Amino acid sequence: MGEPSGGSTGQPLRVALPGGGFGMICVKRDRYPDGRSFVGVGIQPQQQVRATQADLRQGRDAVLERAQELLAMPR
């Protein structure tokens with residue numbers, strides 16, 4: 001439920017480069033149970049719900065509201 005993830009393991013290694021810059025390298029390999037990588041792709045939710053700027057301005061949580069709607073549906 002929500003938006004796709006960013007496609008990162010959250011485990012970067014920061015490497016200093018000449019001239020004051022830096023590079024980041026992914027140092028952890030996480031995969032879906034079937035072996036596919038999600039790095040650079042992200043994890044796709046079964047129910048995609050995106051919050052709009054209007055939602056944010058109004059203090060609405062569109063993801064939570066959709067989850068509550070689904071839970072209230074008869075099965």
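Fair warning: this is a prediction, and the values are worked out from it, not measured in the lab.

Student: Any chance you could explain the overall build of the protein here in plain terms?
Tutor: Of the regular secondary structure elements, the protein holds 2 helices and 2 strands. Taken over C-alpha atoms, the radius of gyration comes to 18 Å for the protein, far larger than the 11 Å a tight globule of 75 residues would show. Counting only C-alpha atoms, the protein reaches 60 × 35 × 15 Å along its principal axes. The 75 residues of the protein split such that 13% are buried. For the protein, the share of sequence-separated contacts (at least 6 apart) that also reach a separation of at least 24 residues comes to 45%. Surface summary for the protein: the accessible area is close to 6100 Å², and the carbon and sulfur share equals 54%. Both charge centroids of the protein, one from 10 positive and one from 7 negative side chains, sit 8 Å from each other.

Student: So what exactly am I meant to see when it comes to the confidence of the model for the protein here?
Tutor: Low pLDDT means the predicted atomic positions in that stretch should not be read closely. The predicted model of the protein averages 89 in pLDDT, with 99% of residues at 70 or higher. Here strand S2 (residues 22-26) stands out as the element of the protein with the lowest mean pLDDT, 89, in contrast to helix H1 (residues 53-58), whose mean of 94 is the highest.

Student: Hey, could you run me through the pairing of strand S1 (residues 12-16) in this one?
Tutor: Regular strands have side chains that alternate between both faces of the sheet. Where S1 meets S2, 5 bridges bridge the pair, whose relative direction is antiparallel. Each bridged residue has a counterpart across the sheet, and for Leu 13 the counterpart in S2 is Ile 25. The loop that links S1 with its antiparallel partner S2 comprises 5 residues; one of these, Gly 19, has a positive phi angle of about 90°.

Student: What should I look at first to understand the pattern of salt bridges in this one?
Tutor: A side chain of one charge can pair with a side chain of the opposite charge if their charged atoms are brought near each other. The final tally for this structure, using the stated rule, is 6 salt bridges. Note that Arg 60 and Asp 55 form a salt bridge whose closest N and O atoms lie 2.4 Å from each other. Overall, the relative accessible area of 7% leaves Asp 55 in the buried class. A single network of salt bridges, built from pairs that share partners, joins Asp 55, Arg 60 and Glu 65.

Definitions and limits used
- Counting from 1, residues in each chain are numbered in the order their sequence is written.
- Predicted model: local features are reported for residues with pLDDT of at least 70 only, side-chain atom pairs are reported and counted for 80 or more only, and whole-chain, interface and lining totals are derived from all residues.
- Each side-chain value is worked out from all heavy atoms of the structure, with water and hydrogens disregarded.
- Secondary structure elements are defined from DSSP: runs of H or I of at least 4 residues count as helices, runs of E of at least 2 residues count as strands, and each element is numbered from the N terminus.
- Only C-alpha atoms enter the radius of gyration, while the globule expectation follows 2.2 Å times N to the 0.38, with N the number of residues.
- Working definition: with a 1.4 Å probe on protein chains only, accessible area under 20% of the residue-type maximum means buried, over 50% means exposed, and in between means partly exposed.
- By the convention used here, residues are in contact when the closest approach between their heavy atoms is within 4.5 Å.
- Surface accessibility follows the Shrake-Rupley procedure with a 1.4 Å probe radius. Residue values consider only the protein chains on display as shielding.
- His is not counted, nor are the chain ends, whereas Lys and Arg count as positive and Asp and Glu as negative.
- For the purpose of locating charges, the reference atoms are NZ of Lys, CZ of Arg, CG of Asp and CD of Glu.
- Values of pLDDT, which run from 0 to 100, indicate the predictor's confidence residue by residue.
- Pairing between strands requires that DSSP locate at least two bridges from one strand to the other.
- Whenever Lys or Arg places a side-chain nitrogen within 4 Å of a carboxyl oxygen from Asp or Glu, that contact is recorded as a salt bridge.

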